[in-house]
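The chain contents come next:
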Amino acid sequence: VHPIGPAFPDPVESARLARPAAFGPAMEHKKWKLFRVRQSNHPKRRILGAAILLNRFLKPGLARGLGKVMEQLSPAKLIHALYAFSQTGFDCVGCGRAIDLAVNAMLAFMHARDGFEWREETQGVSETLYRKFPLRADNEIAEDMTAQLLPLEWRSAVIDARSQQGLLHLAALLKGAH
């Protein structure tokens, strides 16, 4: 027992001891490769953004909390739920990244989760929301595929995240064929 009262454990040492061994040792920040990394993609900003999102949904859990947002079938509400900014006012997860997180991770994760955990209220939510999702941020690969595959008068048909994802999938298939 500490002479003044119970000793408080060192938070860094406690976190290190609580980490699952499968993760291995924490990477020292000196080893981060930051050459040509834009400020918005800095690991500290990404980690802070993840921490803000985890904290926001701490009580219900990330999947359950975001699932409740998704049940409202509003892309704008899901984007807002994934948007995170720091107390100093800079974006950790901006609007473009929130859209990418929703389309590339959350919708796919929740769709897969529905296959394992049957809940009447969530069936079809991810597919319905996916059909409503707007076009994501500019993407060179999707733009290149649009130029290669679609005549000029049809290019305006790429209007949502689904069509953009389809173009990215075709690009990946073509890349794998070579």
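No experiment lies behind these values; they were computed from the predicted model shown.

1. Some points on the overall build of the protein chain
Next up, step 1: Helices and strands together make up the secondary structure of the protein chain, namely eight helices and two strands.
Next up, step 2: Mapped in sequence order, the helices and strands of the protein chain form the string α-α-α-α-β-β-α-α-α-α.
Next up, step 3: Of the roughly 12,900 Å² of accessible surface on the protein chain, 62% is carried by carbon and sulfur atoms.

2. A word on the pattern of salt bridges
Between side chains of opposite charge, a pair can form as their charged atoms come close.
Next up, step 1: Under the defined criterion, the tally for this structure stands at one salt bridge.
Next up, step 2: Across the pair E71 and K68 runs a salt bridge whose closest N-O atoms are separated by 3.8 Å.
Next up, step 3: Judged by its relative accessible area of 25%, E71 is partly exposed.

3. Focus on the packing of helix 3 (residues 62-70) against helix 4 (residues 75-82)
Next up, step 1: The contact between helix 3 and helix 4 brings their axes to 8 Å, and the two run at 150°. Judged on the interaxial angle alone, helix 4 and helix 3 are roughly antiparallel. Taking contact as the criterion, the partners of L66, V69 and M70 in helix 3 are, on helix 4, K77, L78, A81 and L82.
Next up, step 2: Residues that form the contact of helix 3 with helix 4 fall into these classes: six nonpolar, no polar and one charged.

4. Concerning the packing of aromatic side chains
Next up, step 1: In this structure the tally under the stated criterion is one aromatic pair.
Next up, step 2: Both rings, one in Y83 and one in F85, keep their centres 5.9 Å apart while their planes meet at 50°; by these two values the pair is tilted.
Next up, step 3: With a relative accessible area of 24%, Y83 lands in the partly exposed category.

5. Let's talk about the nonpolar core
Next up, step 1: Grouped together as the largest cluster of nonpolar side chains are 24 residues, with contacts concentrated most on L66, M70, L78, L82 and F133.
Next up, step 2: At the level of elements, helix 2 (43-56), helix 3, helix 4, strand 2 (91-93), helix 5 (95-116) and helix 6 (125-132) are the ones that each hand at least two residues to this core.
Next up, step 3: The biggest single contributor to this core is helix 5, with seven residues.
Next up, step 4: Counting residues in hydrophobic clusters, the runner-up holds six residues, among them A142, V158, L167 and L168.

6. Let's talk about the packing of helix 5 against helix 6
Next up, step 1: For the pair helix 5 and helix 6, the least separation of the axes is 8 Å and the interaxial angle reads 155°. Classified by the angle their axes make, helix 5 and helix 6 are roughly antiparallel. On helix 6, the residues that touch V103, L107, M110, H111 and D114 of helix 5 are S126, E127, L129 and Y130.

7. Let's talk about a nonpolar patch on the surface
Next up, step 1: Together, L149, L170 and L173 line one region of the surface with nonpolar side chains, adding up to about 260 Å² of accessible area.
Next up, step 2: Summarising the element assignment, L173 is placed in helix 8 (residues 161-177).

So, how was this worked out
- Residues numbered from 1 in each chain as written.
- Predicted model: local features only at pLDDT ≥ 70, side-chain atom pairs only at ≥ 80, totals over all residues.
- Heavy atoms only, no water.
- Helix = DSSP H or I, 4+ residues; strand = E, 2+ residues; numbered from the N terminus.
- Areas by Shrake-Rupley, 256 points an atom, 1.4 Å probe, with all protein chains shown as cover.
- Salt bridge = Lys/Arg side-chain N within 4 Å of Asp/Glu carboxyl O.
- Buried < 20%, exposed > 50% of the residue type's maximum accessible area, 1.4 Å probe, protein only.
- Axes fitted to C-alpha atoms, helices over the stretch in contact; angles between N-to-C directions.
- Parallel < 35°, antiparallel > 145°, perpendicular 65-115°, else oblique.
- Contact = heavy atoms within 4.5 Å.
- Nonpolar A, V, L, I, M, F, W, Y, C, P; charged D, E, K, R; others polar.
- Phe/Tyr/Trp six-rings, centres within 6.5 Å; stacked < 30°, edge-to-face > 60°.
- Core = buried A, V, L, I, M, F, W, Y, C linked by side-chain atoms within 4.5 Å.
- Patch = residues over 30% accessible without salt bridge, like charges linked within 9 Å, V, L, I, M, F, W, Y side chains within 5 Å.

Note that all results are geometric; they support no functional claim without further evidence.
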